[in-house]
Amino acid sequence: MMYFCSMNTRLNIVILIMFLFIGSLKCLAQQQSPQTGAQKSIYLTPMCVYEGDTIPYVKLPTVYIFKPLKFKNKRDMNNYYKLIRDVKKVLPISKEVNRAIIETYEYMMTLPNEKARQKHMKAVEKSMKEQYTPRMKKLTFAQGKLLIKLVDRQTNSTGYELVKAFMGPFKAGFYQTFAALFGASLKKQYDPTGDDALTERVILMVESGQL
């Protein structure tokens, strides 16, 4: 039991290291104006013109229909529901990573030289460490490995490729070797039609609100 906890902690460290090189996230604050009882809410509906008539246009959410699952035993059923819980926990983080990469890349392209980019990345490392350390500590070993795959799904780049792009091949190789010691791999790719077909099914249904 103590060995498992050690592996879990170290894998989370590896994942955290990967996140340190991805970029800073912007905090989006939602501003709501107070409403009195006399005020009424106004809803704007998109419109479209069809054969000369203006009619409301409402986009309905996608509904996925899959073949019902058949579990061999109770253990398989429990593993399925555990997968649903894990996806719901780490999918939002993988989407944050994708946004962070886009924002960081766009910002770094505005910097005048390599020295300025390196300075920015050091500030990013500090910011990401403060933001993600508490969250990474709460992940289990299985959730950590799933997160590495979902990062690849969202960004079309493995954790190894991300570290290599931002920090160079030497550090990417070092962290990949470190991760391999604990049964993880930053080079792990997401395979939605193969090994990860069930995970992809769960993700689609979670995103559509069916799970």
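These notes cover the structure that comes with them. (Residues numbered from 1 in each chain as written. Predicted model: local features only at pLDDT ≥ 70, side-chain atom pairs only at ≥ 80, totals over all residues. Heavy atoms only, no water.)

Some details on the packing of aromatic side chains
Here comes step 1: Scanning the entire structure with this criterion turns up 3 aromatic pairs.
Here comes step 2: Judged by centre distance (6.2 Å) and plane angle (15°), the ring pair of Tyr64 and Phe66 falls under stacked.
Here comes step 3: Where Tyr80 meets Tyr81, the ring centres are 5.4 Å apart and the plane angle is 65°; that geometry is what we call edge-to-face.
Here comes step 4: Overall, Tyr80 belongs to the buried group, its relative accessible area being 8%.
Here comes step 5: Grouping aromatic residues by their ring pairs yields a cluster made of Phe71, Tyr80 and Tyr81. (Phe/Tyr/Trp six-rings, centres within 6.5 Å; stacked < 30°, edge-to-face > 60°. Buried < 20%, exposed > 50% of the residue type's maximum accessible area, 1.4 Å probe, protein only.)

Quick look at the packing of helix H2 (residues 74–108) against helix H7 (residues 197–207)
Here comes step 1: The contact between H2 and H7 brings their axes to 10 Å, and the two run at 65°. One finds that H2 runs roughly perpendicular with respect to H7. Here H2 and H7 pass one another in a crossing that is right-handed. Two secondary-structure elements touch here, H2 through Tyr80, Leu83, Ile84, Val87, Lys88, Leu91 and Lys95 and H7 through Leu198, Thr199, Val202, Ile203, Val206 and Glu207.
Here comes step 2: Considered class by class, the residues forming the contact of H2 with H7 number 9 nonpolar, 1 polar and 3 charged. (Axes fitted to C-alpha atoms, helices over the stretch in contact; angles between N-to-C directions. Helix = DSSP H or I, 4+ residues; strand = E, 2+ residues; numbered from the N terminus. Parallel < 35°, antiparallel > 145°, perpendicular 65-115°, else oblique. Left-handed = near helix turned anticlockwise from the far one by under 90°. Contact = heavy atoms within 4.5 Å. Nonpolar A, V, L, I, M, F, W, Y, C, P; charged D, E, K, R; others polar.)

With respect to the packing of helix H4 (residues 141–155) against H7
Here comes step 1: As a packed pair, H4 and H7 sit with axes 13 Å apart at the nearest point and diverge in direction by 70°. Between H4 and H7, the crossing angle belongs to the class labelled roughly perpendicular. Together, Leu146, Leu150 and Arg153 of H4 and Thr199, Glu200, Ile203, Leu204 and Glu207 of H7 make up the contact between the two elements.
Here comes step 2: Here the contact of H4 with H7 is composed, by residue class, of 4 nonpolar, 1 polar and 3 charged.

Function cannot be read off these values alone, since they describe shape.
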